[in-house]
Amino acid sequence: MQATPTGAPVIDPALRRKAVIGSTLGNAFEWFDFTVYGLFAVVIAKLFFPADNDTNSLLASVASLGVAFFFRPIGGLAFGLYADHAGRKSALSVMVLLMALGTGLIGLAPTYATIGFAAPLLILLARVIQGFSAGGEFGGSTAMLIEFSPAHLRGFYGSFQMCSQALAVALAGLCAYLLNTGLTKEALESWGWRLPFLFGILIGPVGFYIRRRMTESPEFLAYAAAREPTRRTPLADVFSKHYRSLIAGFGLTVAATTSFYVTLIYTPIYAVKQLGLTQGSASLSTFIAAILIAAMCPFTGWISDRVGRKPLILLFVLLYGLVSFWMFTRLHGSPSMGNLLLAQILPAVCMGFVWGAFPTAVTEVFPVGVRSTGVSILYNLSVMLFGGLAPFWITYLIKATQNPLAPAYYILLTVAISLVTYGLMGREGREAPASALHA
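Anyway, here's the lowdown on the structure attached to this text. Since the structure is predicted, the reported quantities are computational estimates derived from the model, not experimental observations.

What counts and what doesn't
Residues numbered from 1 in each chain as written. Predicted model: local features only at pLDDT ≥ 70, side-chain atom pairs only at ≥ 80, totals over all residues. Heavy atoms only, no water. Helix = DSSP H or I, 4+ residues; strand = E, 2+ residues; numbered from the N terminus. Buried < 20%, exposed > 50% of the residue type's maximum accessible area, 1.4 Å probe, protein only. Contact = heavy atoms within 4.5 Å. Areas by Shrake-Rupley, 256 points an atom, 1.4 Å probe, with all protein chains shown as cover. Phe/Tyr/Trp six-rings, centres within 6.5 Å; stacked < 30°, edge-to-face > 60°. Salt bridge = Lys/Arg side-chain N within 4 Å of Asp/Glu carboxyl O. Axes fitted to C-alpha atoms, helices over the stretch in contact; angles between N-to-C directions. Parallel < 35°, antiparallel > 145°, perpendicular 65-115°, else oblique. Left-handed = near helix turned anticlockwise from the far one by under 90°. Expected span 1.5 Å × (residues − 1). Bend = angle between axes of the 7 residues up to and from the residue. Core = buried A, V, L, I, M, F, W, Y, C linked by side-chain atoms within 4.5 Å. Patch = residues over 30% accessible without salt bridge, like charges linked within 9 Å, V, L, I, M, F, W, Y side chains within 5 Å.

## Remarks on the overall build of the protein
The number of helices and strands found in the protein is 18 helices and 0 strands. Classification of the 439 residues of the protein by burial places 60% in the buried group. Sequence separation of at least 24 residues holds for 85% of the intrachain contacts in the protein that already meet a minimum separation of 6. Accessible surface, the protein as shown: approximately 15800 Å² in total, 70% of it carbon and sulfur.

Below, the structure written as structure tokens:
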């Protein structure tokens, strides 16, 4: 393999394009499958988790949303170790098939009225499969993007990780909007809600085909050729040599994941169940906010290559917390479609700046030999504790405290955690791609 004078591998532009397309499209497919569940949580609660009142039913439904996140660290660790041992390409190919399996199971599951208690158990099993698969997606696909990028454009290339997630949410939101406005309530609850999940079955073979056609990361190949057969596992090296990066990345992910699950996933649920707005309005608002984030991410990732990732992230994490708190109080005081749009769009602008720089910020500080493992650990633990369980905790807090502004206070808490940990522990990644072959 050819190399530049600095030792970085020379990458064929065609192979680079194929890697970017395979990583981002596969990632978008996975996150469409994973996100659509949250947008239909109200319908799923009624059909699979009947209870003595709507709040308890919804609580059970969002708890099943959170169950997947208990298994994400396990999947992240398994796929992270596998990706750091066997390569990014193989791990990413297996993940997309697992996600399609879990999504298809939800789309085909009989309801509680048909098979009784077995129905929610099937949903829980499907969410476990989805969680295990999604656990390795961020670490594997982001490592692939970073390792194929030019050294001076890491932020730009890494931003496509979050761009693809936002596009997946936008597509899921559009599907939910069209189904809620185009079908009667009876048709939606009878069969319409299943359509996005059944579509997710097709994503498996398509995503697998795309990813099998990718080329393995040249940076990983160079590392694999040079590594010692008897070296310690990546897991041991991550905790012994890179604990500062773990802490900083964990803290930063707290705000990044909270913004996703509160602003894009929970806010539509909150608008429908707490404020009485229509499901169609909530889905349309989510679609618009997600499209805005997707459009911003490549631009803000490019900005981070020039001004640095840490100052950009710290500024807009703070702004996200302040804007979100203000808009939640405004939406609660005056529920309307206009205020719902503002409550998602204004925070989405701040999220666009954070998300554009975030994937590269938490990935480039790890050497290639422990990169997927390190990122998968910090990302999935943070997402499990503060992101995936956010809808459950917020729903519970609203019920327990009778305070409908619980989401706003939850956001402030997570923003404070991120500002302290990332502000004190975070550092800019300065290693050139070929200089970081070993842990």
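## Points about the packing of aromatic side chains
This structure, assessed with the given rule, holds 15 aromatic pairs. Grouped by ring-pair contacts, the aromatic residues F40, F48, W193 and F197 constitute a single cluster.

## Quick look at the side chain of Q161
Tracing the backbone shows Q161 in helix α7 (residues 154–182). Excluding its chain neighbours within four sequence positions, the residues that come into contact with Q161 are N27, W31, E137, F138, S141, T142, L145 and P359.

## As for the environment of G139
Take G139: it is sitting in helix α6 (residues 118–148). The sequence separation of G139 and L378 amounts to 239 residues, and the corresponding C-alpha distance is 9.5 Å. Beyond its immediate stretch of four places on either side in the chain, G139 contacts S372, V375 and S376.

## Comments concerning the pattern of salt bridges
Taken as a whole and judged by the stated rule, the model has 10 salt bridges. The salt bridge partner of R88 is E147, with a shortest N-O separation of 2.6 Å. Placement of the pair is R88 in helix α4 (residues 88–108) and E147 in helix α6, with a sequence separation of 59 residues. The buried category is assigned to R88, whose relative accessible area is 0%. Residue D237 pairs with K241 through a salt bridge whose shortest N-O separation is 3.9 Å. Here D237 and its partner K241 are both found in helix α11 (residues 234–241), 4 residues apart, which amounts to about one turn of the helix. Members of the salt-bridge network, linked through shared partners, are D84, R88, E147, E219 and R371.

## Quick look at the packing of helix α13 (residues 279–307) against helix α15 (residues 337–363)
Angle between the axes and distance between the axes: these two values describe a pair of packed helices. Two numbers describe how α13 lies on α15: the axes approach to 7 Å, and their chain directions differ by 25°. The pairing of α13 with α15 is recorded here as roughly parallel in orientation. Viewed along their axes, α13 and α15 form a crossing whose handedness is right-handed.

## A look at α6
End to end, α6 covers 45 Å across 31 residues, agreeing with the expected 45 Å (1.5 Å per residue, within 8%). Where α6 bends most, at E137, the angle is about 30°. Along α6, 24 of the 31 residues are buried, which leaves the element largely enclosed by surrounding structure.

## Re the nonpolar core
Among the nonpolar cores identified, the biggest contains 103 residues, and F40, F48, W193 and W355 are the most heavily contacted of them. The leading source of residues in this core is helix α12 (residues 243–273), at 16 residues.

## Observations regarding a nonpolar patch on the surface
The grouping of L108, W191, L195, L198 and I201 at the surface amounts to a nonpolar patch, some 450 Å² of accessible area in total. The biggest single contributor to the nonpolar patch is helix α9 (residues 195–212), with 3 residues. Position of I201 among the secondary structure elements: in helix α9. You can call I201 partly exposed: its relative accessible area is 34%.

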